[in-house]
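Here's the letter readout for the chains.
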Amino acid sequence: MTDTVLRLSTRQGRWVVVATVLGSSLALLDGTVVNIALPHIGEDLGAGVAGLQWTLSGYTLALASLILLGGALGDRWGRRRVFVCGTVWFAVASLLCGIAPDITMLVIARILQGVGAAMLTPGSLALISASIHEDDRGAAIGLWSGFGGVAGAIGPLLGGWLVEVAGWRSVFLLNLPLAALVVWASMRHVPESRDPNPPDHLDVVGSGCAVVGLGALTYGLIEMNLVAGVVGAVALVAFVVVERRSPNALVPPRLFASRMFVAANLVTLAVYAALGGVFFLLVLQLQLVAGYSPVAAGVATIPITLAMLALSSRAGSYAQTHGPRLPMTVGPALAAIGLLLMTRIGPDASYWTVVLPGVLVFGLGLSAMVAPLTAAVLGSVPVEQSGIASGVNNAVARTSQLLAVAALPGIAGIDAGSLVDPDSFSHGFRIAMYICVALLLVGAVIAAALIRAPAAPAPTPRVPVPESVACKPHCDVTGPAVQPAPARSGPTPPND
């Protein structure tokens, strides 16, 4: 806990929001701009499809496997301390990315970036919950979510402009001044907080199984290595066994006693896998096949974020009043129609008649689905478990995105030669989009069949301890994540 409880109207209270928004936006902006830069990274470093997959997946792998541990470390050692350490770590890793001489060093640096993000991301919302007075907490979380959504909207445009003007390395070097501002604001204005009664021990064994399992499985999918895939699957089974037996489990088994929680996570697994594949391949299709510049490719995806900023709050209100089943069914189905429209994107595709219709319908589908999914997750568990529930759901989302980026190119026949053969890449893109359509429809069917009870509104928890595992609220080009804020303050796009 913290002895300092701040009102949002005070100067220090506003600085807490500024510091946490900037911290969470670091990881968000990095995700959006890196996707835009992928074709130039591949050309400059001589990387094939596998190298580009690892550039994205290395970051997501570290973040997905360590984010719950990062939240637990903040509870135990101090949320501000871990938040600041994660920001510094992220900045150093960003510098390494910016000076990487080859694709191998870039991937290693991206993995290190993911470790830093796993430390700073959970603390962002937790610091608001711990530091801001409960009467102002909803408004503070709303500001955090809203400004994060703005960052998500400008990310593609900023990334495209940076790549064209200063090269892809500037995408990573941009993080350095932002990180310095976050550290200064946090150390000067953000009070420290921690769990007064942390668990006796950290779940190191469970975390190790998650890292080995996801790492080996990702390697097996990208490199088509059966042995690594089997090792990864065995390690993930071991993770489940460890979590069922551990008194300090990162993923408490009691959560899965709720049918609604299980159903919401199954929808997340299917839908967010589709989103991970779409956001990885769409910007490549626009640049490699349609001939768009980095700026134009970035601008092309902005309607998705704008639609979510405009409509997510209304979808969340509907879910609280009528239950999340209908929007969670209609949303993925509508997004699937958007993907079918995107399969028309080819050489010299017109933005207004070909790209925009698919992007806009896809964004409308996400707007209908994301906030109700948040409501379903939070409404399925007691209030005191809402933080860990959203953290687990976020980890599921990250993991599904990770595995989709690793597996989809190989399944769709996109290889190194496709990067220099627009016809081959376009053919693989269409196959991948059809697979993503199927995943979205599976998510819609699961929601229709298993999401039954209305999701109750989720008050902001008085105890900030479990909130430390909550993650980014934005939808960046690496895909969404779920957070507890929208149930009170209006849902915003999910999240890197």
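Calculation rules
- Starting from 1, residues in each chain are numbered consecutively following that chain's sequence as written.
- Residues qualify for local features only when their pLDDT is at least 70, as the model is predicted, and side-chain atom pairs are given and counted only at 80 or more; totals for whole chains, interfaces and linings, by contrast, use all residues.
- Hydrogen atoms and water are omitted, and side-chain values are computed over all heavy atoms in the structure.
- Put simply, DSSP H or I for four residues or longer makes a helix, DSSP E for two residues or longer makes a strand, and each gets a number counted from the N terminus.
- When a residue's accessible area, from a 1.4 Å probe over protein chains only, is under 20% of the maximum for its type it is buried; when over 50% it is exposed; and in between it is partly exposed.
- Note on areas: these come from Shrake-Rupley sampling with a 1.4 Å probe, and a residue is covered only by the protein chains present in the view.
- A cavity here means a set of points on a 1 Å grid, drawn over the protein atoms and nothing else, where a 1.4 Å probe fits but cannot get out; a pocket is an open set with protein on both sides within 12 Å along at least five of seven lines, and a residue lines either one if it has an atom within 4 Å of a point.
- Grid points are joined across faces, edges and corners, and a volume is the space filled by probe spheres set on the points.
- Residue classes follow a fixed rule: Ala, Val, Leu, Ile, Met, Phe, Trp, Tyr, Cys and Pro count as nonpolar, while Asp, Glu, Lys and Arg count as charged, and any other residue, Gly among them, counts as polar.
- Pairs of N or O atoms are called polar contacts if they sit within 3.5 Å, as long as, within protein, a hydrogen donor faces a hydrogen acceptor (for residues adjacent in sequence, only side-chain-to-side-chain pairs).
- Axis definition: a line fit to C-alpha positions, over the contact stretch in the case of helices; interaxial angles, taken between N-to-C directions, run 0 to 180 degrees.
- Roughly parallel refers to an angle under 35 degrees, roughly antiparallel to one over 145, roughly perpendicular to one between 65 and 115, and oblique to any angle outside these ranges.
- When the near helix sits turned anticlockwise from the far one by under a right angle, the crossing is termed left-handed; a clockwise turn instead gives a right-handed crossing.
- Contacts were defined at the residue level, with two residues in contact if any of their heavy atoms lie within 4.5 Å.
- Exposure above 30% relative accessible area and the lack of any salt bridge qualify a residue for a patch; like charges then connect within 9 Å, and the nonpolar side chains Val, Leu, Ile, Met, Phe, Trp and Tyr within 5 Å.
- When a carboxyl oxygen of Asp or Glu lies within 4 Å of a side-chain nitrogen of Lys or Arg, that pair is called a salt bridge.
- Each helix should span, by expectation, one fewer than its residue count multiplied by 1.5 Å.
- Note that the arc is computed from the directions linking the helix axis to the C-beta atoms.
- Paired rings are identified among Phe, Tyr and Trp, the last through its six-membered ring, by centres lying within 6.5 Å, and are further divided according to the angle between planes into stacked (under 30 degrees), edge-to-face (over 60) and tilted (the rest).
- The pLDDT value tells you how sure the predictor is about a given residue, anywhere from 0 up to 100.

## What about the overall build of the chain?
In step 1: A tally of regular secondary structure across the chain gives 17 helices and zero strands.
In step 2: Burial statistics for the chain: of 496 residues in total, 63% are counted as buried.
In step 3: Total accessible area on the chain stands at roughly 17200 Å², and carbon and sulfur atoms take up 68% of it.

## Thoughts on the layout of surface pockets
In step 1: The calculated volume of the largest pocket comes to roughly 730 Å³.
In step 2: Along its surface, the largest pocket is lined by 26 residues, and F239, V240, V251, F256 and V396 are the ones closest to its centre.
In step 3: Looking at the lining of the largest pocket, the elements that each hand over two or more residues are α2 (49-77), α8 (204-223), α9 (226-245), α10 (259-289) and α15 (386-412).
In step 4: For the lining of the largest pocket, a count of residues per class yields 19 nonpolar, five polar and two charged.

## Brief notes about the side chain of N35
In step 1: The residue N35 is located in helix α1 (residues 11-45) in this model.
In step 2: For N35, a relative accessible area of 0% translates into the label buried.
In step 3: Here F279 takes part through its backbone oxygen, which lies 2.7 Å from a polar atom of the side chain of N35.

## Some thoughts on the packing of α8 against α9
In step 1: With their axes 7 Å apart at the nearest point, α8 and α9 run at an angle of 155° to one another. Considering their axes alone, α8 and α9 lie roughly antiparallel with respect to each other. Here α8 and α9 pass one another in a crossing that is left-handed. Contact with α8, carried on its side by V205, G206, C209, A210, V212, G213, L214, A216, L217, Y219 and G220, involves A228, G229, V231, G232, A235, L236, A238, F239, V242 and E243 of α9 and no other residues of that element.
In step 2: Taken together, the residues of the contact of α8 with α9 break down into 15 nonpolar, five polar and one charged.

## Notes on a nonpolar patch on the surface
In step 1: Nonpolar side chains collect at one region of the surface, where V88, V92, L95, L96, I99 and L173 lie side by side and expose about 470 Å² of accessible area between them.
In step 2: In terms of residue count, the dominant contributor to the nonpolar patch is helix α3 (residues 79-98) (four residues).
In step 3: Turning to its location among the elements, L96 is positioned in helix α3.
In step 4: Given a relative accessible area of 37%, L96 falls into the partly exposed group.

## Observations concerning the side chain of N265
In step 1: Within the secondary structure, N265 is located in helix α10.
In step 2: On the basis of relative accessibility, which here comes to 6%, the residue N265 falls in the buried class.
In step 3: For N265, the residues in contact, after removing those within four places along its chain, are V392, N393 and V396.

## A few points about α10
In step 1: Taking 1.5 Å as the rise per residue, α10 with 31 residues should run 45 Å; its terminal C-alpha atoms sit 44 Å apart, in good agreement.
In step 2: With respect to burial, α10 is a largely interior element, 26 of its 31 residues being buried.
In step 3: Note on α10: the residue one or two positions beyond its end, G291, has a positive phi of about 80°.

## Quick word on unusual backbone geometry
In step 1: In the Ramachandran plot, M224 falls in the positive-phi region, its phi being about 55° despite a non-glycine side chain.
In step 2: Its place among the elements puts M224 in the loop between α8 and α9.
In step 3: In this structure M224 comes out as exposed when scored by relative accessible area, which is 58%.
In step 4: The backbone of D348 sits at a positive phi, close to 55°, despite the residue not being glycine.
In step 5: Tracing the sequence through the fold places D348 in the loop between α13 (325-342) and α14 (351-379).
In step 6: Under the relative-accessibility criterion, D348 is labelled exposed at 69%.

## Observations regarding the environment of L403
In step 1: Positionally, L403 belongs in helix α15.
In step 2: When sequence neighbours within four positions are dropped, the list of residues in contact with L403 reads L217, T218 and L221.

## Section: α13
In step 1: Between the first and last C-alpha of α13 there are 26 Å, a value that for 18 residues agrees with the 26 Å anticipated at 1.5 Å per step.
In step 2: Regarding α13, the residues found buried are P327, M328, G331, P332, A335, A336, G338, L339 and M342. Down the axis of α13, the sector holding all buried residues measures 165°, keeping them to one side.
In step 3: Contact partners of the buried residues in α13: α10, α12 (302-322), α14 and α16 (422-450).

## Concerning the packing of aromatic side chains
In step 1: Following the criterion strictly, the structure yields seven aromatic pairs and no others.
In step 2: Residues Y59 and F90 carry aromatic rings whose centres are separated by 6.5 Å and whose planes lie at 75° to one another, so their mutual orientation is edge-to-face. Linking Y59 in helix α2 with F90 in helix α3, this pair joins segments that are 31 residues apart in sequence.
In step 3: Judged by its relative accessible area of 0%, F90 falls in the buried class.

## Focus: the confidence of the model for the chain
In step 1: The share of residues in the chain with pLDDT of 70 or more is 87%, and the mean pLDDT across the chain is 83.
In step 2: Of all the helices and strands in the chain, helix α17 (residues 486-489) carries the lowest mean pLDDT, 36, while α13 carries the highest, 96.
In step 3: Note on residues 455-496: pLDDT under 50 across the span, and 187 contacts to partners over four residues away in sequence or across chains.

## With respect to the pattern of salt bridges
In step 1: Under the definition given, this model contains two salt bridges.
In step 2: Its salt-bridge partner being D44, residue R169 comes within 3.9 Å of it at the nearest N-O pair. A residue pair is termed long-range when its members are at least 10 positions apart, and R169 in helix α6 (residues 169-173) and D44 in helix α1 qualify at 125 residues.
In step 3: Residue R169 is classed as partly exposed on the basis of its relative accessible area, which comes to 27%.
In step 4: For R79, the salt bridge is made with D75, and the minimal N-O distance between the two is 3.2 Å. An identical accessibility class is assigned to R79 and D75; each is buried.

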